[in-house]
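Structural characterization, general
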Amino acid sequence: MLSFNALLAVSLGYVVMLFGIAFWAEHRANAGRLGWLRSPFVYTLSISVYCTAWTFYGAVGSAARNGLEFITIYLGPTLVFIGWWWLLRKLLRVGRAQRITSIADLISSRYGKSTTLAVLVTLLAVIGSTPYIALQLQSITLSFSVFAEDGGNANYTAFWVAAGLAVFTIVFGTRNVDANERHHGVVTAIAIEAIVKLLALLAVGIFVVWGFAGGLPEIFAMADENMLRTEKIFTSRWITLTFLSAAAIITLPRMFQVMVVENADEKHLATASWAFPGYLLLISLFVLPIAIAGNALMPAGANPDLYVLTVPLSQGRETLALLAFLGGFSSATSMVVIAAIALSTMVSNHIITPLWLSLSPSRTATSGDIRSVLLVSRRLSIAGILLLGYFYFRITGGSAALASIGLIAFAGTSQIMPSLLGGLFWRGATRSGALVGISAGFLVWAYTLFLPSFEGAFLLSDSLIENGPFGIAALRPYALFGLGDYDPLVHSMFWSMTINVFLFVTISLLSTPRPLERIQASQFVDVFRLNKDIGGYLVSRTATSEDLFTLAQRILGTNPAHRLFTDMASEQGKTSGLPDPTDDLVQRVERELAGSVGAASAHAMVSQIAGGGTVSVDELMKIADETAQIVEYSQQLENQSRRLEEAAHQLRHANTRLTELGAQKDAFLSQVSHELRTPMTSIRSFSEILRETDNIDSEQAQRFLGIIQEESQRLTRLLDEILDLSHLESGRGNLKVEDVNLGDVIERSINSTRGLIDESGVEIALNLPEKPIIVSASFDRLAQVFINLITNGIKYGRSKNPKITITARTVGKLAIVGIHDNGPGIPAKDFEKVFEKFSRLSESALAGSAGLGLPISREIMRNLDGNLTLEPSKNGAVFRVTLPLAKS
Amino acid sequence: MNNPKKPDLAQRAYRRKKIKDAALVLPLLGAFLLASPFITIFATDGYIFGLPLPFIYIFGVWLFLVIAARRMARLLSEP
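Since the model is a prediction, treat every value here as computed from it, not as a measurement.

Some remarks on the overall build of chain B
Summing up its helical and strand segments, chain B has 2 helices and 2 strands in all. Walking chain B from its N terminus toward its C terminus, one meets helices and strands in the order α-β-β-α. Residues counted as buried form 35% of the 79 residues belonging to chain B. As displayed, chain B offers around 5,100 Å² of accessible surface, 68% of which is attributable to carbon and sulfur atoms.

Considerations on the overall build of chain A
When helices and strands are tallied, chain A shows 35 helices and 7 strands. Among the 888 residues that make up chain A, the fraction classed as buried is 53%. Contacts in chain A between residues far apart in sequence, at least 24 positions, make up 79% of those at least 6 positions apart.

Regarding helix 12 (residues 253-261) of chain A
Here helix 12 of chain A lies mainly inside the structure; 9 of its 9 residues are buried. For helix 12 of chain A, the set of buried residues is Pro253(A), Arg254(A), Met255(A), Phe256(A), Gln257(A), Val258(A), Met259(A), Val260(A) and Val261(A).

What to know about the packing of helix 1 (residues 4-30) of chain A against helix 9 (residues 184-213) of chain A
Residues and elements named next belong to chain A. Running from amino to carboxyl end, helix 1 crosses helix 9 at an angle of 135°, the nearest separation of the two axes being 7 Å. On the basis of the axis angle, helix 1 is oblique to helix 9. Seen along the crossing, helix 1 lies across helix 9 with a hand that is right-handed. Two secondary-structure elements touch here, helix 1 through Tyr14, Met17, Leu18, Ile21, Ala22, Ala25, Glu26 and Ala29 and helix 9 through His184, Gly185, Thr188, Ala189, Ile192, Glu193 and Val196. Looking at the contact of helix 1 with helix 9, its residues break down into 10 nonpolar, 3 polar and 2 charged.

Considering the side chain of Ser284(A)
As for its placement among the helices and strands, Ser284(A) is situated in helix 13 (residues 268-285). A polar atom in the side chain of Ser284(A) sits 2.7 Å from the backbone oxygen of Leu280(A). Once residues lying within four places of it in the same chain are set aside, the contact partners of Ser284(A) are Phe70(A), Tyr74(A), Phe59(B) and Trp62(B).

Details of the interface of chain B and chain A
Listed as interface residues are 36 residues of chain B and, on the opposing side, 31 residues of chain A. The junction of chain B with chain A conceals about 2,900 Å² of combined surface from both sides, 83% of it contributed by carbon and sulfur atoms. Inspection of the region where chain B meets chain A yields 0 salt bridges. Inspection of the region where chain B meets chain A yields 3 residue pairs in polar contact (both at pLDDT 80 or more). Among the secondary structure elements, those contributing two or more residues to the side of chain B that touches chain A are helix 1 (5-34), strand 2 (51-52) and helix 2 (53-77) of chain B. A per-element tally of the side of chain B that touches chain A places helix 2 of chain B first, with 13 residues.

Some details on the packing of aromatic side chains
Under the defined criterion, the tally for this structure stands at 25 aromatic pairs over all chains. Their ring planes at 80° and their centres at 6.5 Å tell us that Phe41(A) and Trp274(A) sit as a pair that is edge-to-face. Taken together, the residues span a long stretch of sequence, with Phe41(A) in helix 2 (residues 40-47) and Trp274(A) in helix 13 at a distance of 233 residues. Residues Phe159(A) and Trp160(A) carry aromatic rings whose centres are separated by 5.4 Å and whose planes lie at 80° to one another, so their mutual orientation is edge-to-face. Residue Phe159(A) is classed as partly exposed on the basis of its relative accessible area of 33%. Taken together through their ring pairs, the aromatic side chains of Tyr50(A), Phe81(A), Tyr132(A), Phe276(A) and Phe410(A) make up a single cluster. A cation over a ring is seen here: Arg70(B) above Trp274(A), with NZ or CZ 4.7 Å from the ring centre.

A few points about the side chain of Ser143(A)
Here Ser143(A) is to be found in helix 7 (residues 115-147). Each residue touching Ser143(A), except ones within four places of it in the same chain, is listed here: Tyr57(A), Leu306(A), Leu309(A) and Phe325(A).

Details of a negative patch on the surface
A contiguous patch of negative charge, built from Asp224(A), Glu225(A), Glu231(A) and Asp45(B), is present on the exposed surface. Mapped onto the elements of the fold, Asp224(A) is located in the loop between helix 10 (216-222) and helix 11 (236-251).

Thoughts on a nonpolar patch on the surface
Side chains of Tyr156(A), Phe159(A), Trp160(A), Leu387(A), Phe391(A) and Ile395(A) sit close together on the surface and give an oily, nonpolar patch of about 690 Å² of accessible area. Note that Ile395(A) resides in helix 18 (residues 370-396).

Digging into the sheet that holds strand 5 (residues 814-821) of chain A
All names here are of chain A. Here we have 5 strands laid out as an open sheet, ordered 2-4-5-7-6, and mixed in their pairing. Where the open sheet ends on each side, the last strands, each with one partner, are strand 2 (763-767) and strand 6 (867-871). Strand-to-strand, the axes of this sheet are offset by a mean angle of 20°, without reference to chain direction. Here 8 bridges tie strand 4 (residues 803-811) to strand 5, and the two strands are oriented antiparallel to one another.

Re the pattern of salt bridges
Side chains that differ in charge, positive against negative, can pair when their charged atoms come close. Residues and elements named next belong to chain A. In the structure shown here, the tally under the stated rule is 12 salt bridges over all chains. Here Arg684 ties to Glu688 by a salt bridge, and the two come within 3.9 Å at their closest N and O atoms. Here the residue Arg684 and the residue Glu688 both occupy positions in helix 30 (residues 626-692), the gap between them amounting to 4 residues, near one helical turn. Exposure remark for Arg684: the relative accessible area of 53% places this residue in the exposed category.

Quick look at the nonpolar core
Formed by 201 residues in total, the largest nonpolar core has its most connected members in Tyr50(A), Tyr74(A) and Leu288(A). Those residues in contact with Leu288(A) that sit more than four places away from it in its chain are Ala63(A), Gly67(A), Leu68(A), Phe70(A), Phe220(A), Met227(A), Leu228(A) and Phe55(B). Core analysis: the next-biggest nonpolar cluster, separate from the first, contains 45 residues, Ala783(A), Leu789(A), Leu864(A) and Leu868(A) among them.

Focus on unusual backbone geometry
Excluding glycine, most residues fall at negative phi; most peptide bonds, likewise, are trans. Residues and elements named next belong to chain A. One non-glycine residue, Arg99, lies in the positive phi region at around 50°. Here Arg99 lies in the loop between helix 5 (88-97) and helix 6 (103-110). A residue is classified by how much of its surface remains accessible, and Arg99, at 17% relative accessible area, is buried. Notably, Asp865 is not glycine yet its phi reads approximately 65°, a positive angle. Mapped onto the secondary structure, Asp865 falls in the loop between helix 35 (853-863) and strand 6. By relative accessible area, Asp865 is classed as exposed at 65%.

Re the packing of helix 4 (residues 72-82) of chain A against helix 2 of chain B
For the pair helix 4 of chain A and helix 2 of chain B, the least separation of the axes is 10 Å and the interaxial angle reads 20°. Taken together, the axis directions place helix 4 of chain A and helix 2 of chain B in an arrangement best described as roughly parallel. For helix 4 of chain A against helix 2 of chain B, the interelement crossing comes out left-handed. Residues Tyr74(A), Leu75(A), Thr78(A), Leu79(A) and Ile82(A) of helix 4 of chain A touch helix 2 of chain B, and the partners they reach there are Trp62(B), Leu65(B) and Ala69(B). A breakdown of the residues in the contact of helix 4 of chain A with helix 2 of chain B according to their chemical character gives 7 nonpolar, 1 polar and no charged.

Quick notes on helix 1 of chain A
Residues and elements named next belong to chain A. In a regular helix each residue adds 1.5 Å, so 27 residues correspond to 39 Å; helix 1 covers 39 Å between its end C-alpha atoms and thus fits that length. Three or more residues of helix 1 are buried, namely Phe4, Leu7, Ser11, Tyr14, Leu18, Ile21, Ala22, Ala25, Glu26, Arg28 and Ala29. Following helix 1 by one or two positions, Gly32 adopts a phi angle in the positive range, close to 85°.

Concerning the confidence of the model for chain B
On average, residues of chain B score 81 in pLDDT, and 86% of them reach the 70 mark or higher. Every residue in residues 1-5 of chain B scores below 50 in pLDDT, and together they form 0 contacts with partners more than four places removed in sequence or on other chains.

Points about the confidence of the model for chain A
Residue and element names in this part refer to chain A. Overall, the predicted model of chain A reaches an average pLDDT of 81, with 89% of residues at or above 70. The model gives residues 611-627 a pLDDT under 50, and that stretch makes 33 contacts with residues more than four places away or in other chains. Taken together, the stretch residues 841-849 has pLDDT below 50 and engages in 13 contacts with residues farther than four places along the chain or on a different chain.

Criteria and cut-off values
Residues numbered from 1 in each chain as written. Chains lettered and ligands numbered in written order. Predicted model: local features only at pLDDT ≥ 70, side-chain atom pairs only at ≥ 80, totals over all residues. Heavy atoms only, no water. Helix = DSSP H or I, 4+ residues; strand = E, 2+ residues; numbered from the N terminus. Buried < 20%, exposed > 50% of the residue type's maximum accessible area, 1.4 Å probe, protein only. Areas by Shrake-Rupley, 256 points an atom, 1.4 Å probe, with all protein chains shown as cover. Contact = heavy atoms within 4.5 Å. Axes fitted to C-alpha atoms, helices over the stretch in contact; angles between N-to-C directions. Parallel < 35°, antiparallel > 145°, perpendicular 65-115°, else oblique. Left-handed = near helix turned anticlockwise from the far one by under 90°. Nonpolar A, V, L, I, M, F, W, Y, C, P; charged D, E, K, R; others polar. Polar contact = N/O pair within 3.5 Å; in protein donor to acceptor, adjacent residues only side chain to side chain. Buried area = accessible area lost by both parts, 1.4 Å probe. Salt bridge = Lys/Arg side-chain N within 4 Å of Asp/Glu carboxyl O. Phe/Tyr/Trp six-rings, centres within 6.5 Å; stacked < 30°, edge-to-face > 60°. Lys NZ or Arg CZ within 6 Å of the ring centre and 35° of its normal. Patch = residues over 30% accessible without salt bridge, like charges linked within 9 Å, V, L, I, M, F, W, Y side chains within 5 Å. Lys, Arg positive; Asp, Glu negative; His and termini not counted. Charge placed at Lys NZ, Arg CZ, Asp CG, Glu CD. Pairing = 2+ DSSP bridges. Core = buried A, V, L, I, M, F, W, Y, C linked by side-chain atoms within 4.5 Å. Expected span 1.5 Å × (residues − 1). pLDDT = per-residue confidence, 0-100.

Below, the structure written as structure tokens:
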């Protein structure tokens, strides 16, 4: 049997080796030769910090007691990892984009950089992790006691182990103030330890199966019936444990540390997604055989948690037992180191720094180096956390089985999960919801699981646990609201998760998030959609570059701050001096600081300098959700292009119309000149004859003068018509409207054109109703219209037996008069042309007409609130005159 | 046929989408096989090659999940 001192020497040697490896890795990394230090397998191995001493010793213990149930603790993480595309990938991306330093930082950052939430999650993590650290110390002292006959002093061992781990963690875990930077030394040492623990467990397993039993079937043949109780598989406890372990791998502070914070490359996750489940498979492969062998070999009452050590020892395999001891030692130490780093970051960033800031608000800007303060606070936190674990160990003194402590801790930290998942996938999750949900879940967990686990020794008395507070049975910790038939863990998980999720969702729905929360919400939920360059938000502040530089210098150190500001200056196009204090700069500084002190503290510090870090509604409008902006923008574009198209269409239309009008004007002018020229020519020639011919007889002179007079009358008429038309068109006709008998007007018109009618031999047919139609019109003007139409009919409606039919009727409040000739008619396409000035139809037009009759008639009718149109007809042209009836 | 590049690209995009869908389905399948009443079919007292059936089933499914996840990770990491 190994002596206690020999064992001590081996462990010390192992520790020295770890220090050496860590130191060497750190050295290599500093020299820039990262090489395999950054390989995805080192990353995967570091994740195996999930497998603690609890796995190493406790899983076998659990298998010895409950058979296959221990596997659930590995199935949860397996499912989470093979589903990395869903959750872990997003978690990693967010962690990277926001420079998240811990799980508390993540929750705080998501919910508007809330300090309260950060403190709450930190406290929760410390309360949940302390028993776990105590558990590791306990497992180390237990394993020591197995070897040492004299046992040694357990408390003494635990203390020195804790002290040694504190030194290791402080030396390699707080080298940089930037908690977001990788700890290559620690990670490499953890990876080596991961290999040691896997090899140790495999070695013991292989020995048990092939060295001791002689094969797998043989070892299972040894199993007593209790161990393979199949009805134990798939119970509510099976589901709860799978869920719990899945939640734990996401929410445990140390898991977040190795998975997100220490991650060097997102691509490594793809490898870890299968390699880590593979590791878990290997490490649990021989757990059941070892437990079976232990039960078979060990006397009743032996501690199943130590089978990994006692089974090889009982077979006289001391070297194997020593390897197993080192495996257990590795599992315990790696967990403690990582947990201490993760927790110290949280405690230092979320509790000590904010306290320090609030106690001395002026110091941020004026006092000396904040970095040393941060480092000291982080180192003190590490020592404090290990001390806390040690005291917990002293107080509980190894009362409960390893596995149950582990599960209780899992259940505590899993209360963060609803808020974490909600924060990553639900934009509507709010700070109040998270705060209330986590607190309530945590309280229910403490009341139904954590406090009763002390079995009456702490806060809750035995009788209270048995009978409920004040004897109220409905409030018994293990049977809340009478739900007593379940396993305490299932019972506690059921109530705490139900209440947690319910309050988180309800309060999120009821509360309104602050602006900063909304910004962070979209930064988290849409992390894959956001452009890298638009990572931040605009907050107008009054910071000067000097202040920001001083702050950055104090926290990041002189050189990194210098680099950061030089980079920013050159990005802004400046070759020397400090960059301008743009929003971009403020954000960058805040993000860099967040990497060291966490989002909430960084935000508080920068706000102190920049003055008023809150976002106003106006600013929020500016930043509005990116998607919303894009949607709005594209809608605007669409609207605009539609409007543009409409405008273009109208313009095209107007252009055609203008061209037509221009052509008409030209035609009109040439027509007018032509029309004026004909009478002018005859007037001129006849007056020249009269002047130049000396002896002209008076009869001829009389005839010539007659022609001249006639032509000048025609000229005057033409000019009158043009004037008249222009008056009517501009609405300045000023027609005198009175009640007029339509029949009288038509009769007068026929009489006026009697000469023309008789001359052309046109037959006029009148078709008027017996009752006189009284219309509201100007008698003379209306007669002018009819005269014009009749004349028109006579002129153009030429046929063998020309006939013009005039009909009149009333429709509603309108009178309608149709003037129908039996001539060749007018093609429908020319209907509008007819009413254009000087547009005599075709070439058959009679000379002497200026072609203004119809346009004038139409203008008159329109001025009389009526209209003049052409009607489609099979034979001849049909003009229709509409006009209003008299009101009386 | 006239333009061999076009269908190839479309097919690749389609294939990639299928792979992503499969990556989302895999954990659900795992949960169904290992943490649903389905598992009770194999939680019997039988033995195969001297090994208890539940042991074989759970580790078999587990191994399958690891291999499938590895294949999936390869496919997802393709450009």
